[in-house]
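# Fold and geometry: a report
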Amino acid sequence: MHKKFLDIPIDWVDPDALERKIKLFVTTKQPHHIVTVNPEFIVVSRGNETFRTALQEADLSLPDGTGIVLGQTFFDKPYRKSKLTRLGQYLALCFQFVLYPHSFTYKRITGVDLTDRLLQMSAAHGWRVYLLGANPGIAAKAAEVWTSVYPELKIVGTSSSDPEDKNTIPDVKAAQPDILIVAYGSPKQELFIYKNKAALKVPVMVGVGGTFDTAAGTRYNPPKWIKFLGFEWLTYLITQPKRYRRIWRSTITFSNLIISSKSLDKKLEI
């Protein structure tokens, strides 16, 4: 199911459909860009035209973040013009998610979940994987962890080189990967793939933020029940208070965009 979310396309796919898409991308041997859209992406894209275009032109756009699930559910319902009423309705959805998360039709696919699926499929099908980004040594450490979990996994290269390094693209191309997983952080990783998609010529390319750090054990990984309830932002605020600006964008600024969306007014006029 393909929908527009504040001018950004979102593909709501189940696990089986996602695997079919990935297999198709690898089989065609043509370059494809997958993005995992979270609330911060939506906010940043409003002020960064190139980033917005990168998201709009992605070959597969997955919903990463509870806010995307809440926002899409909110947009699907009838709403009144009063912003105060909209706020009440949105908060009610938030409480519903905390109490009954299984009651929501839409499901998110996080960068960590997508990475794990890509690695499983790569190990099963013999696909070649390249890990690019993060701080020095982190990609290599993540590779050690993942190959211990998936012994058949072929990781053909790891690098922390900067996207501006003239050797970055040649090194990736020389390794001939089927899957390129990039951890430069957003929007840097998405812009790198978007601008160099044709030159890289990798069938599947995706940015996954801090996933390498999580695998390597250098980043706090919240318990599954916290992820299930969508409270990662709260644990990051406590454990990494320097990220408060990003967390503010992902919660307060994002929620305000949802409630103030002109698309709701247009829907009411129809």
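Residues numbered from 1 in each chain as written. Predicted model: local features only at pLDDT ≥ 70, side-chain atom pairs only at ≥ 80, totals over all residues. Heavy atoms only, no water.

## So, helix H6 (residues 111-125)
Put simply, the rule is: Going along the chain from the N terminus, every DSSP run of H or I of four or more residues is numbered as a helix, and every run of E of two or more is numbered as a strand. In this scheme, a helix's expected span is set at 1.5 Å multiplied by one less than its residue total. When a residue's accessible area, from a 1.4 Å probe over protein chains only, is under 20% of the maximum for its type it is buried; when over 50% it is exposed; and in between it is partly exposed.
With 15 residues, H6 extends 21 Å from end C-alpha to end C-alpha; this agrees with the ideal 21 Å at 1.5 Å per step. Of the positions making up H6, those classed as buried are Gly111, Leu114, Thr115, Leu118, Leu119, Met121, Ser122 and Ala123. Just downstream of H6 lies Gly126, where phi reads positive at about 75°.

## Some thoughts on the pattern of salt bridges
So the rule is basically this: Between Lys or Arg on one side and Asp or Glu on the other, a salt bridge is scored when a side-chain nitrogen of the former is within 4 Å of a carboxyl oxygen of the latter.
Summed over the entire model, instances satisfying the criterion amount to six salt bridges. Across the pair Arg249 and Glu40 runs a salt bridge whose closest N-O atoms are separated by 2.5 Å. Here Arg249, found in helix H13 (residues 244-260), pairs with Glu40, found in helix H2 (residues 39-45); they are 209 residues apart in sequence, far enough to count as distant. For Arg249, a relative accessible area of 28% puts it in the partly exposed group.

## Concerning the packing of aromatic side chains
Put simply, the rule is: Ring geometry is summarised as follows: Phe, Tyr and Trp rings, the Trp one being its six-membered ring, pair when their centres sit within 6.5 Å, and such pairs are stacked at plane angles under 30 degrees, edge-to-face over 60 and tilted between the two. Only when the NZ of Lys or the CZ of Arg is both within 6 Å of the ring centre and within 35 degrees of the ring normal is a charge said to sit over the ring.
Going through the model one piece at a time under the given rule, you end up with nine aromatic pairs. The interplanar angle of 65° and the centroid separation of 5.5 Å between the aromatic rings of Phe5 and Phe75 together place this pair among those described as edge-to-face. One end of the pair, Phe5, is in strand E1 (residues 2-5); the other, Phe75, is in helix H4 (residues 66-76), with 70 residues separating them in the sequence. The burial state of Phe5 is the same as that of Phe75; both residues are buried. Consider the rings of Phe5 and Phe254, whose centres lie 6.0 Å apart with planes at 5°: the pair is stacked. Taken together, the positions of Phe5 in strand E1 and Phe254 in helix H13 put the pair 249 residues apart, joining distant regions of the chain. Phe254 shares its class with Phe5; the two are buried. Cluster of aromatic residues (ring-pair linked, three or more members): Phe5, Phe74, Phe75, Tyr90 and Phe254. Across the ring face of Tyr184, the terminal group of Lys188 is positioned such that the distance to the ring centre comes to 5.8 Å.

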